[in-house]
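Residue strings, one per chain:
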Amino acid sequence: MNLRRLLAMAFKETLQVWRDPRSLAVALLMPLMQMAILGYGVSLDIKHVPLCVYDQENSQASRAIVDRFVSSGWFSVGHVISRESGIRYAMDRGECIAAIVIPVNFSRTLAASGSAPVQAIFDATDVNTTNIALGYAQGVVAQANAAVAAQWNSAHAAQPSLVGQTEIEPSVWFNETLDSRYFIVPGVVAVILALVGAQLTSLTISREWERGTMEQLISTPITALEVMLGKLIPYFVIGMADATFCLAVAIFWFSVPFRGSVGTLFVTTALFNVVVLGIGYLISVRIRSQLGASQVALLVTMLPTTLLSGYTFPIDQMPAPIRALTFFVYPRYYVTILRAIFLKGSGLADLWAPLLGLSLYAAAIIWLAARAFRKRL
Amino acid sequence: MNAEGDMPAVLAEGLTKRFGDFTAVDHLDLGIEKGQVVGFIGPNGAGKSTTIRMLCGLLLPTAGRALVSGFDVGREPEAVREHIGYMSQKFSLYGDLTVRENLRFFGGIYRVRREDFAERMHFAISMAGLEGREDVLVRTLAGGWKQRLALGCAILHRPPVLFLDEPTSGVEPEARRQFWDLIHDLAADRVAILVSTHYMDEAEYCNRVALIDRGKLVAIGTPGELRGHRLSGELYELHCAPLGAALKVLADVPGVIEAAIFGDKLHVVLADGERNAPDLPRLLGAHGVQADPPRRIMPSLEDVFVQLVAHGAEQRVTP
């Protein structure tokens, strides 16, 4: 290994990236666009579910129930209707996905027995959204129940202690507001780094083959290791710059709470970058056309990072065989690490398990990459 | 390092390369002395590039061996690469880098000593005639400048052996001539040079010429030797029309060893030319071919090559 040759290679590669509009776009524009699209576009929260109200009684008590739905923030009343068939009509037109029906004798029943039924109807075409909306509705109703029960108890002078009520008081840690963006944005950073890094390095060897410069290069005394390191160094710098940008956007623009240390973030991100760049390089050695290499790189980074990394789809809820498969998916370790650093403030010692996974991966990829390139035609 | 001063710079013995059933290079023997320019001549697909790539350590020989600067190309390719300069057939500098950046890159890769670097770079730039254009992107240069710059990059580290694979293809005649001047300057500095080309006229610039066809070395010698001794008969130039009909007629004429079209005329090799030549116009006339009296000419390397390749083919066809 010779430093002079290594630096000559790294310098040349830097100049080439700088002068290649396509590589520059991937390096600089892709992180910006993806951060905007994925950061804003992907959200698992549902706010302002369009609600249709069929209030048959229209009393003070029934209006109080509707107000509870609206003031929760999860629902907004789109339609107030006066016929049962109006619900079907509004749902068919997509104007609401939830409806509540308050019966005509609501306040009377409530006053007499302390409880009264309210019907809630959901459009379950989108099961995911419906489940979440249903959860919100139950929350609203539970609050209403508590208020009503308290009123009824005092009115009837009942002894609450005799009823022996048990209440669950939820305490949510690490993401106190249950904002799914806090959960997703760190994952987005992992997705972007994987895509950008592998795209850039997938072009580096195939470019030399395609332009006919490889034959000249391998006729020189440069070693395979010098070629690999010389080519990866500039992309490592770019990858770290992109990471800094994306993480800064996550913290300062999307206001994801950052509780960990910058050092931990730097070490783990560097490790992830090594894996990603190594994979792109490996593909580039194997596939001698730039187009082919970048397609394969897209495939092997896009699919596992978006589907199997746990960035949107929780790994715990996957079927066992798929869950086992995720152990071979390198972004899963980084997504886990990033979330832990951001939301829990974990240090390197806390993260030993995913760090070990990522380190083994990095070692394997670099070992393969170093052996893949042969100085023969 | 190679200490034997008298050893040839390049020595190939029985060098063979097979790709599956296809034999690209077939038991080739070749020696090149220091300061010698050897021209490698043959049609496309004859095995010129494959041979050069084996000598550079880029392809592993199937059989035989070759020593370059005393190092075995199969076993010590890295040592070989330290001692050679190579220009591949396809232009292979970085088009998106400037003249200076390309030189700096190859200077770094070849580890040109820092105290020599400025001088070598200046030498390469002036050799290529690119003074004042050091910061121009290489892809914008015309063919001749590109080729000379590629040569400059290949000799930055003063290699004792130089392999040039069709360096002048696609370059205009004036630039080709300049390029050959550079090659002779290098040979004067004791560099051993193997140049492949398909321009027959360029063979005349070489100290020795190796003719290769279908992977086999057909002949090797100085241009004079090849011209003088190889032709089995006397060469005549014949102006006639139509050429195709004339060829057909000549094939059946006794005493005609060989006839081939050269531009707008025929080159005919005759046994006992003194006697046979004057009869040709009459024989051709009988078949409706107009012909001037044949004129005896000195054979060119191309004539030699045509005959050697034709005979070689016959030998291979006959069991």
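Remember, predicted model here, so these are calculated numbers, not experimental data.

A.B. asks: Describe the overall build of chain B, with residues and values.
C.D. replies: When its secondary structure is counted, chain B shows 12 helices and 16 strands. Pairs at least 24 residues apart make up 69% of the contacts formed inside chain B by residues separated by at least 6 positions.

A.B. asks: Give me the lowdown on the overall build of chain A, citing residues and values where you can.
C.D. replies: Within chain A, the secondary structure is distributed over 16 helices and 4 strands. For a compact globule of 377 residues, the expected C-alpha radius of gyration is about 21 Å, and chain A comes in at 29 Å, more than 25% above that figure. With 377 residues in all, chain A has 38% of them scored as buried. In chain A, 81% of the contacts between residues at least 6 apart in sequence involve partners at least 24 apart.

A.B. asks: Go over the packing of helix H12 (residues 262–286) of chain A against helix H13 (residues 290–308) of chain A, please, and point to the residues and values.
C.D. replies: All names here are of chain A. Running from N to C, H12 and H13 cross one another at 145°; their axes reach a closest spacing of 9 Å. In the crossing of H12 with H13, the sense of the turn from one axis to the other is right-handed. Contacts between H12 and H13 involve Ile279, Gly280, Ile283 and Ser284 on the former and, on the latter, Ala293, Val296, Ala297 and Val300. Residues of the contact of H12 with H13, tallied by class, amount to 6 nonpolar, 2 polar and no charged.

A.B. asks: Now, about the pairing of strand E11 (residues 234–238) of chain B: what can you tell me, with residues and values included?
C.D. replies: Residues and elements named next belong to chain B. Relative to strand E14 (residues 265–270), E11 is paired through 5 bridges, and the arrangement is antiparallel. Bridge assignment links Glu237 to a residue of E14, and that residue is His267. The pairing of E11 with strand E16 (residues 295–296) spans 2 bridges and is antiparallel. In the sheet register, Tyr236 faces E16, and the bridge partner there is Arg296.

A.B. asks: Can you lay out the pairing of strand E13 (residues 256–262) of chain B for me, pointing to particular residues and giving the numbers?
C.D. replies: All names here are of chain B. Note: E13 against E14, 6 bridges, orientation antiparallel. Directly across from Phe262, in E14, lies its bridge partner Lys265. Between the antiparallel neighbours E13 and E14 lie 2 residues, among them Gly263 with a positive phi of about 65°.

A.B. asks: Requested: an account of the domain arrangement of chain B, with residues and values cited.
C.D. replies: By a widespread convention, an interface's size corresponds to the accessible area lost as its parts come together. Segmenting chain B into domains produces domain 1 (10–227) and domain 2 (232–298). On a C-alpha basis, the centroid separation for the pair domain 1 of chain B and domain 2 of chain B is 40 Å.

A.B. asks: I'd love a proper account of the confidence of the model for chain A, names of residues and values included.
C.D. replies: In the predicted model, chain A carries a mean pLDDT of 85, and the fraction of residues at 70 or more is 92%. Per-residue pLDDT stays below 50 along residues 160–165 of chain A; that stretch engages in 2 contacts with residues further than four places along the chain or on separate chains.

A.B. asks: Pulling in residues and values, what's your account of the sheet that holds strand E1 (residues 49–55) of chain A?
C.D. replies: Residue and element names in this part refer to chain A. Here 4 strands make up an open sheet; going across it, the order is E2-E1-E3-E4 and the pairing mixed. If you trace the sheet from one side to the other, it starts and ends with strand E2 (75–80) and strand E4 (119–122), each paired once. Ignoring which end each strand starts from, the neighbouring axes of this sheet average 30° apart. Two elements, E1 and strand E3 (residues 98–102), share 5 bridges in a ladder whose sense is parallel. Bridge pairing in E3 places Tyr54 opposite Val101.

A.B. asks: Quick one: what's the story with the domain arrangement of chain A, residue by residue and with numbers?
C.D. replies: The assigned domain composition of chain A is domain 1 (3–43 + 179–372) and domain 2 (49–163). Relative placement of domain 1 of chain A and domain 2 of chain A: their C-alpha centres are 49 Å apart.

A.B. asks: I'd like to hear about the interface of chain B and chain A, residue by residue, with values.
C.D. replies: Listed as interface residues are 22 residues of chain B and, on the opposing side, 21 residues of chain A. Listing elements by their share of the side of chain B that touches chain A, those giving two or more residues are helix H2 (77–82) and helix H3 (99–109) of chain B. For the side of chain B that touches chain A, the per-class residue count stands at 11 nonpolar, 3 polar and 8 charged.

A.B. asks: Mind laying out helix H9 (residues 243–251) of chain B, listing which residues take part and the relevant values?
C.D. replies: Residues and elements named next belong to chain B. When H9 is considered as a whole, its buried residues turn out to be Ala246, Val249 and Leu250. Seen end-on, H9 carries its buried residues on one side only, within an arc spanning 95°. Exposed residues lying more than 90 degrees from the buried face of H9 are Gly244 and Ala251. In the core, the buried residues of H9 are packed alongside strand E12 (240–241), E13, E14, helix H11 (280–286) and strand E15 (290–291).

A.B. asks: Explain the sheet that holds E14(B) to me, using residue names and the numbers behind them.
C.D. replies: Residues and elements named next belong to chain B. Strand order across the open sheet formed by 4 strands is E13-E14-E11-E16, with antiparallel pairing between neighbours. At either end of the open sheet lies a strand with only one pairing partner, and these are E13 and E16. With respect to the sheet, H9 is in contact with E13 and E14, its orientation differing from that of E13 by roughly 170°.

A.B. asks: Explain the nonpolar core to me, and be specific about the residues and the numbers.
C.D. replies: Counting 151 residues, the largest nonpolar core has Val189(A), Val275(A), Val10(B), Leu55(B), Val68(B), Leu162(B) and Ile193(B) as the members making the most contacts within it. The leading source of residues in this core is helix H8 (residues 180–202) of chain A, at 15 residues. Setting aside residues no more than four positions away along its own chain, Leu162(B) makes contact with Ile84(B), Gly85(B), Ala154(B), Ile155(B), Leu186(B), Val191(B) and Ile193(B). Listed in part, the 23 residues of the second largest apolar core include Val49(A), Phe75(A), Ile100(A) and Val140(A).

A.B. asks: For unusual backbone geometry, give the residues involved together with the corresponding values.
C.D. replies: That bond from Ala241(B) to Pro242(B) is cis: its omega, -5°, falls within 30 degrees of zero. Phi at Ser255(A) takes a positive value of approximately 55°, unusual for a residue other than glycine. Considering the arrangement of structural elements, one finds Ser255(A) in the loop between helix H11 (224–253) and H12. Assessed through the 12 C-beta atoms surrounding it within 10 Å, Ser255(A) is described here as exposed. The phi dihedral of Arg158(B) falls on the positive side, at around 50°, and the residue is not glycine.

A.B. asks: Break down the environment of Phe342(A) for me, citing the residues and quoting the values.
C.D. replies: All names here are of chain A. By secondary structure assignment, the location of Phe342 is in helix H15 (residues 330–344). The exposure class assigned to Phe342 is buried, which follows from the 25 C-beta atoms found within 10 Å. In this view, Phe342 contacts Pro186, Val256, Pro257, Phe258, Arg259 and Gly260; residues no more than four positions away in its chain are not counted.

A.B. asks: Which residues make up the environment of Leu211(B), and what values go with them?
C.D. replies: All names here are of chain B. Tracing the backbone through its elements, the reader meets Leu211 in strand E9 (residues 208–213). Here Leu211 falls in the buried class, since 24 other C-beta atoms lie within 10 Å of it. Taking C-alpha positions, Leu211 is 9.7 Å from Val304, a pair spaced 93 residues apart along the chain. When near neighbours in sequence (up to four residues on either side) are disregarded, Leu211 contacts Ile41, Gly42, Val218, Ala219, Phe305 and Leu308.

A.B. asks: Run through the packing of H3(B) against helix H5 (residues 143–154) of chain B, naming residues and quoting values.
C.D. replies: When two helices pack together, their arrangement is given by the angle between their axes and by how far apart the axes lie. Residue and element names in this part refer to chain B. For the pair H3 and H5, the least separation of the axes is 9 Å and the interaxial angle reads 25°. It follows from the interaxial angle that H3 and H5 lie roughly parallel. Once H3 is placed against H5, the crossing between them reads as right-handed. Along the contact surface, H3 presents Val99, Asn102, Leu103 and Phe106, while H5 presents Leu149, Gly152 and Cys153. Along the lines of polarity and charge, the residues of the contact of H3 with H5 split into 5 nonpolar, 2 polar and no charged.

About the thresholds
Residues numbered from 1 in each chain as written. Chains lettered and ligands numbered in written order. Predicted model: local features only at pLDDT ≥ 70, side-chain atom pairs only at ≥ 80, totals over all residues. Helix = DSSP H or I, 4+ residues; strand = E, 2+ residues; numbered from the N terminus. Contact = placed C-beta atoms within 7 Å. Rg over C-alpha atoms; globule rule 2.2 N^0.38 Å. Buried ≥ 20, exposed ≤ 12 C-beta atoms within 10 Å, placed from the backbone. Axes fitted to C-alpha atoms, helices over the stretch in contact; angles between N-to-C directions. Left-handed = near helix turned anticlockwise from the far one by under 90°. Nonpolar A, V, L, I, M, F, W, Y, C, P; charged D, E, K, R; others polar. Pairing = 2+ DSSP bridges. Domains from an automatic or database assignment. pLDDT = per-residue confidence, 0-100. Arc of directions from axis to C-beta. Core = buried A, V, L, I, M, F, W, Y, C linked by C-beta atoms within 7 Å. Parallel < 35°, antiparallel > 145°, perpendicular 65-115°, else oblique.

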